[in-house]
Amino acid sequence: MDEVLPLDPGSPRVRFGAEMRRLREAAQLSQSSVARRLGCTQTQVSRLEGATRTPSKSDAEKLDQLFGTADGNAFTRLRQRILAQPGGPIWFQSWVEEIEPTALVLRSWDPLLIPGLLQTESYARHLFSQAPQITSDEVEERVRARMQRQWILGRENPPLLLVLVDAGVLRRKVGGVEVMHEQLGHLLEITQSPTVSIQIVSPECLTGLMGAFTIAELPDGQPGALHAESSAEGQIMTDLDSVTSIWKRYEAIRLWAYPEHVSLKMIEKARRGWT
């Protein structure tokens, strides 16, 4: 499994968390006390300080009021800088910081690529480098952001990750032979975890050709959430009708999936071909 890249100590997200912790400790407040003032949980405060959660507008404004920052909007400005980072589109931040890390189960389907949570660094880097007019710095920032997402798979209580991938993905050349060999090897390695399952879907399945998606099953009876991708911009939806519709589509696609032990043999065979 790829090592998760460390957080950049100079990034606005890390500075936000560090300043929040510094002022909280100076005021002799516990994380629970700050959580009550923000109207959130102690875990969410911990994630803000640990730079694994994007602060909301309300978080920043309340922190500015709570700690009486010098210019009155230090946290608000740091949040604006976080959102200006090229690590990913703003619309995706709530999924990465709020939904994905709290999910009990993540069910995904991808007809074109290895899903982001399972990508190697080199695979992701080549994908990002193909974006029009993207700079090398932007590529590296996006790679870092993608690798950082994968921390949820190595934590103490990871979500159950159920992945469906079209068979053609195993043969779609991304970055070259070495990149593909490494990527498929990574899939075989990560499926040794009891919380990760990968099934290859027959190319005869047409049900999923409308696009990739991920369904998040959330704790405490919360409604499920859906992230659906498109050629222009992805969408995050929580309304019952949308989630139910895509859940049915997921199950229809799963009917075309090979059993996991067969799927792993297919991945291994494809990996041997990338030599």
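Everything discussed here concerns the structure shown above.
Bear in mind that the values here come from a model prediction, so they are computed numbers and not experimental data.

Reading the values: the criteria
Residues numbered from 1 in each chain as written. Predicted model: local features only at pLDDT ≥ 70, side-chain atom pairs only at ≥ 80, totals over all residues. Heavy atoms only, no water. Buried < 20%, exposed > 50% of the residue type's maximum accessible area, 1.4 Å probe, protein only. Helix = DSSP H or I, 4+ residues; strand = E, 2+ residues; numbered from the N terminus. Pairing = 2+ DSSP bridges. 1 Å grid on protein atoms, 1.4 Å probe; cavity = no way out; pocket = protein on both sides within 12 Å on 5 of 7 lines; lining within 4 Å. Points joined across faces, edges and corners; volume = space filled by probe spheres on them. Nonpolar A, V, L, I, M, F, W, Y, C, P; charged D, E, K, R; others polar.

A.B. asks: Which parts of the structure should I look at to understand the pairing of strand S1 (residues 105-110)?
C.D. replies: The two faces of the sheet receive side chains in turn, since in a regular strand these alternate between them. S1 sits mainly inside the fold: six of its six residues count as buried. Burial along S1 is two-sided: the face carrying Val 105, Arg 107 and Trp 109 and the face carrying Leu 106, Ser 108 and Asp 110 are both buried. With six bridges joining them, S1 and strand S2 (residues 160-166) adopt parallel strand pairing. Bridge pairing in S2 places Trp 109 opposite Leu 164. Here S1 runs beside strand S4 (residues 213-217); their pairing, made up of five bridges, is antiparallel. Across the sheet, Arg 107 pairs through a bridge with Ile 215, a residue of S4.

A.B. asks: Please explain the pairing of S4 as it appears in this structure.
C.D. replies: With respect to burial, S4 is a largely interior element, four of its five residues being buried. As defined by bridge partners, S4 adjoins strand S5 (residues 225-228) across four bridges and the pair is classed as antiparallel. By the bridge assignment, Ile 215 is partnered in S5 with Leu 226.

A.B. asks: Would you mind showing me how to read unusual backbone geometry here?
C.D. replies: It is generally the case that most residues other than glycine have a negative phi and that most peptide bonds are trans. Of note, Gln 28 is a non-glycine position whose phi angle comes to about 55°, a positive value. The backbone of Gln 133 sits at a positive phi, close to 60°, despite the residue not being glycine. Looking at the secondary structure, you find Gln 133 in the loop between helix H7 (121-129) and helix H8 (136-149).

A.B. asks: Would you explain the layout of surface pockets in this entry?
C.D. replies: Gaps left between atoms show up when a probe the size of a water molecule is rolled over them. Empty space within the second largest pocket amounts to approximately 290 Å³. Put simply, the parts of the chain that give the lining of the second largest pocket at least two residues each are helix H3 (42-49) and helix H6 (90-99). Looking at the lining of the second largest pocket residue by residue, the class counts come to four nonpolar, five polar and three charged.

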